[in-house]
Amino acid sequence: DQQVKQNSPSLSVQEGRISILNCDYTNSMFDYFLWYKKYPAEGPTFLISISSIKDKNEDGRFTVFLNKSAKHLSLHIVPSQPGDSAVYFCAAKGRVGGSQGNLIFGKGTKLSVKP
Amino acid sequence: DSGVTQTPKHLITATGQRVTLRCSPRSGDLSVYWYQQSLDQGLQFLIQYYNGEERAKGNILERFSAQQFPDLHSELNLSSLELGDSALYFCASSVYGEETQYFGPGTRLLVL
């Protein structure tokens with residue numbers, strides 16, 4: 001039973017265009033959401049986060065949007081660069097099952113940005 | 001560089017054996033988390049320690065155990081290893097347990 005779902009295993013985008021990565025969740029108790037980027041043979045690197053009291057958070061080329069009613073969040077990368085090619089993980093946390101700190105991850109979306 | 005270190009980077013062992021993975025959190029972080037990433041799987045939470053005490057447990061097998069020492073480094077012990085335990089094991093840390101977690105580079109375990 002996946003509580004955090006990334007339904008697109010892969011995404012290919014042209015350099016300079018927008019990349020949109022999507023994530024859906026099922027548990028309304030989640031109150032904090034994060035995006036991580038992961039290169040092969042490295043650990044996940046924190047990108048950007050958003051609290052459930054907000055609907056948008058921006059950091060440079062990265063913007064995360066949260067739609068609580070739809071239990072959906074998305075990561076926008078504008079403009080996309082070849083160095084953005086990596087696997088992107090969506091993660092959520094909240095007071096779920098007695099735990100409030102651990103992250104629940106989606107399975108990731110592999111982004112390829114072509115020059 | 002996240003500031004979280006993990007050793008060893010790679011580990012090859014045989015079924016039935018026991019191994020210990022080590023993690024040093026970022027300076028000042030009190031919480032340590034362990035995650036497992038198997039082939040084609042996302043990261044699965046195993047266990048969390050906060051300032052030396054176990055705080056939360058996830059999908060951790062009884063053959064696995066962990067501890068956090070007074071200097072805040074943590075060790076994950078995996079025993080009676082099976083082929084299916086082959087995976088990437090990540091450690092993450094955060095200041096208290098409510099904020100962003102920063103991940104180490106991982107330990108790749110191969111059980112033959």
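That block above? That's the structure.
Since the structure is predicted, the reported quantities are computational estimates derived from the model, not experimental observations.

J.: When you look at the overall build of chain A in this model, what are you seeing that I'm missing?
T.: Along its length, chain A carries zero helices and 11 strands. Reading chain A from its N terminus to its C terminus gives the helix and strand order β-β-β-β-β-β-β-β-β-β-β. When the backbone C-alpha atoms are referred to their principal axes, chain A occupies close to 45 × 30 × 20 Å. Taking as baseline every contact in chain A between residues at least 6 positions apart, the subset at least 24 positions apart corresponds to 54%. Within the structure as shown, chain A displays about 5,600 Å² of accessible surface, and the carbon and sulfur contribution to it stands at 48%.

J.: Please clarify how the state of the cysteines should be interpreted in this entry.
T.: Among covalent bonds in proteins, the disulfide is the one between the sulfur atoms of two cysteines. Inspection of every chain in the model, using the stated rule, returns two disulfides over all chains. One disulfide in the model links Cys23 of chain A with Cys90 of chain A; its S-S distance is 2.0 Å. Negative torsions about the S-S bond denote left-handed disulfides, and the value of about -70° found for Cys23 of chain A with Cys90 of chain A makes this one left-handed. Taken together, the residues Cys23 of chain A in strand S3 (residues 19-25) and Cys90 of chain A in strand S9 (residues 86-94) connect sequence positions 67 residues apart. With relative accessibility at 1%, the residue Cys23 of chain A sits in the buried group. Note on cysteine connectivity: Cys23 of chain B is disulfide-linked to Cys91 of chain B, with sulfurs 1.8 Å apart. Disulfide Cys23 of chain B-Cys91 of chain B: the torsion about the S-S bond is -50°, which places it as left-handed. Of this pair, Cys23 of chain B sits in strand S3 (residues 19-24) while Cys91 of chain B is found in strand S9 (residues 87-94), placing the two residues 68 residues apart along the sequence.

Calculation rules
- Residues numbered from 1 in each chain as written.
- Chains lettered and ligands numbered in written order.
- Predicted model: local features only at pLDDT ≥ 70, side-chain atom pairs only at ≥ 80, totals over all residues.
- Heavy atoms only, no water.
- Helix = DSSP H or I, 4+ residues; strand = E, 2+ residues; numbered from the N terminus.
- Contact = heavy atoms within 4.5 Å.
- Areas by Shrake-Rupley, 256 points an atom, 1.4 Å probe, with all protein chains shown as cover.
- Disulfide = S-S within 2.5 Å.
- Buried < 20%, exposed > 50% of the residue type's maximum accessible area, 1.4 Å probe, protein only.

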